[in-house]
Amino acid sequence: MSATSPGAAPPEALTAPVVIAVDGPAAAGKGTLARRLAAELGLPYLDTGLLYRATARRVLLAGGLPTDTAAAEAAARTLEAADLQRPDLRGPDVDQGASQVAAQPPVRAALLDFQRSFAARHGGVMDGRDIGTVVCPDARVKLFVTASPEARARRRWLERQARGESIPLEEVAQEMAVRDARDAARDVAPMKPAEDAILLDTTELDAEAAFREAWQLIQARLDV
Ligand code: CDP
């Protein structure tokens, strides 16, 4: 790290809140990893997927369609903190609905300020699809976390089993493939690695090993 002369303003990189972007497809291990990184770094954690999930849940509860742009935008603009705490944000309808509302530019625009303000206020570890590309293009470290479709489907299936849902593995894999394809193909803020993102494939890694690998990558980028 270069020295700064006394009295001079410190370089922006030393004063800006630290943002770590953790992007990637469904069930790649982003959430577990991002939460752990946040705890270790003493940074707040934001699961940005919850914003899209909560938006879809609101639309669905009102009897609307997540593809109805006006309804989805209105829901996004009126989200409250409590909406992000609901226990019913992880069902299959909300999964698909979240990626449908997320494909609509007015919904993304409505949720952008909140995400950017969060990052600007405290810094943080932010988990999503477009953090490194759109929300925080200046993030200090950008990880793009992936795993094979089979590994990801199995993880999501195990999570659902643990919640008492009985659903065939093939169905989970199919639902996930539809959602990933929609997320990657949308015109606005598609899911893709930022040019300066570091790819982390967790197919063969358990949560601890994924954390250790990410931690080394982050230490190297933060130069600490
Ligand atoms: O937990 P999982 O990885 O399955 O999904 P999530 O992170 O909760 O995100 C749910 C959906 O929200 C995704 O399928 C995306 O369509 C959308 N999303 C997005 O478009 N941009 C983000 N920054 C985060 C989520």
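Being a predicted model, the structure only gives us computed values, none of them experimental. (Residues numbered from 1 in each chain as written. Predicted model: local features only at pLDDT ≥ 70, side-chain atom pairs only at ≥ 80, totals over all residues. Heavy atoms only, no water.)

Asks: Looking at this structure, I do not really get the overall build of the protein chain. What am I missing?
Replies: A count of helices and strands for the protein chain gives ten helices and five strands. Compactness check: the protein chain gives a C-alpha radius of gyration of 18 Å against a globular reference of 17 Å for 224 residues, within 12% of the reference. For the C-alpha atoms alone, the extent of the protein chain along its principal axes is close to 60 × 40 × 30 Å. Here the protein chain, with 224 residues, has 45% of them falling under the buried criterion. Distance from the positive charge centre (27 side chains) to the negative charge centre (32 side chains) of the protein chain: 2 Å. (Helix = DSSP H or I, 4+ residues; strand = E, 2+ residues; numbered from the N terminus. Rg over C-alpha atoms; globule rule 2.2 N^0.38 Å. Buried < 20%, exposed > 50% of the residue type's maximum accessible area, 1.4 Å probe, protein only. Lys, Arg positive; Asp, Glu negative; His and termini not counted. Charge placed at Lys NZ, Arg CZ, Asp CG, Glu CD.)

Asks: I'm lost on the sheet that holds strand 1 (residues 19–23) in this one. Help?
Replies: Consider a sheet: its strands pair through backbone hydrogen bonds, and that pairing is either parallel or antiparallel. If you trace the five strands from one edge of the open sheet to the other, you get 2-3-1-4-5, paired in parallel fashion. Lying at the two open borders of the sheet, with one neighbouring strand each, are strand 2 (45–47) and strand 5 (198–201). Strand-to-strand, the axes of this sheet are offset by a mean angle of 20°, without reference to chain direction. Sheet analysis places strand 1 next to strand 3 (residues 124–128), joined by five bridges and oriented parallel. The residue of strand 3 that forms the bridge with valine 22 is aspartate 127. Sheet contacts for helix 10 (residues 207–222): strand 1, strand 4 (141–146) and strand 5; angle to strand 4, the most-contacted strand, approximately 155°. (Pairing = 2+ DSSP bridges. Axes fitted to C-alpha atoms, helices over the stretch in contact; angles between N-to-C directions. Contact = heavy atoms within 4.5 Å.)

Asks: What exactly am I supposed to notice about the site of the ligand here?
Replies: Within the structure, the ligand sits among 19 residues, and Arg53, Arg108, Arg156, Arg179 and Asp183 are positioned closest to it. One of the side-chain nitrogen or oxygen atoms of arginine 90 is found 3.5 Å away from an oxygen atom of the ligand. At a separation of 2.6 Å, an oxygen atom of the ligand approaches a polar side-chain atom of aspartate 183. Contact with the protein chains covers 97% of the free accessible surface of the ligand, which is 530 Å². Breaking the shell around the ligand down by element, the ones donating at least two residues are helix 3 (49–61), helix 5 (92–102) and helix 9 (169–185). Classifying every residue of the shell around the ligand gives five nonpolar, four polar and ten charged. (Near = heavy atom within 4 Å. Polar contact = N/O pair within 3.5 Å; in protein donor to acceptor, adjacent residues only side chain to side chain. Areas by Shrake-Rupley, 256 points an atom, 1.4 Å probe, with all protein chains shown as cover. Nonpolar A, V, L, I, M, F, W, Y, C, P; charged D, E, K, R; others polar.)

Asks: Whenever I open this one, unusual backbone geometry confuses me. Can you help?
Replies: Most peptide bonds take the trans configuration, and most residues that are not glycine carry a negative phi. Of note, alanine 27 is a non-glycine position whose phi angle comes to about 55°, a positive value. For alanine 27, the position within the fold is in the loop between strand 1 and helix 2 (30–41). With a phi close to 45°, alanine 189 is a non-glycine residue in the positive phi region. Mapped onto the fold, alanine 189 is located in the loop between helix 9 and strand 5. Classification of alanine 189 by relative accessible area gives buried; the value is 12%.

Asks: What should I look at first to understand the nonpolar core in this one?
Replies: A general trend in soluble globular proteins is that nonpolar side chains are found buried together. Judged by nonpolar contacts, the single largest core of 18 residues is most densely connected at Leu33, Leu37, Val125 and Leu143. Counting residues per element, the ones that place at least two in this core are strand 1, helix 2, strand 4, strand 5 and helix 10. Among all residues touching leucine 143, those that are not within four sequence positions of it are Ala21, Val22, Asp23, Leu33, Leu37, Ile198, Ala214, Leu217 and Ile218. Counting 17 residues, the second-largest nonpolar core is a separate cluster that includes Ala75, Leu79, Val101 and Val107. (Core = buried A, V, L, I, M, F, W, Y, C linked by side-chain atoms within 4.5 Å.)

Asks: What should I look at first to understand the pairing of strand 5 in this one?
Replies: Side-chain positions along a regular strand alternate between the two faces of the sheet. The side-chain alternation of strand 5 yields one buried face, formed by Ile198 and Leu200, and one unburied face, formed by Leu199 and Asp201. In this structure, strand 4 lies alongside strand 5, joined through four bridges in parallel fashion. Bridge pairing links threonine 146 to aspartate 201 in strand 5.

Asks: Looking at this model, I keep getting lost on the confidence of the model for the protein chain. Mind explaining?
Replies: A low pLDDT score tells you not to read the predicted coordinates there in detail. Looking at the protein chain as a whole, its pLDDT mean stands at 93, while 93% of the residues score no less than 70. Taken as a whole, residues 1–5 scores under 50 in pLDDT and shows six contacts with residues more than four places along the chain or in a different chain. (pLDDT = per-residue confidence, 0-100.)

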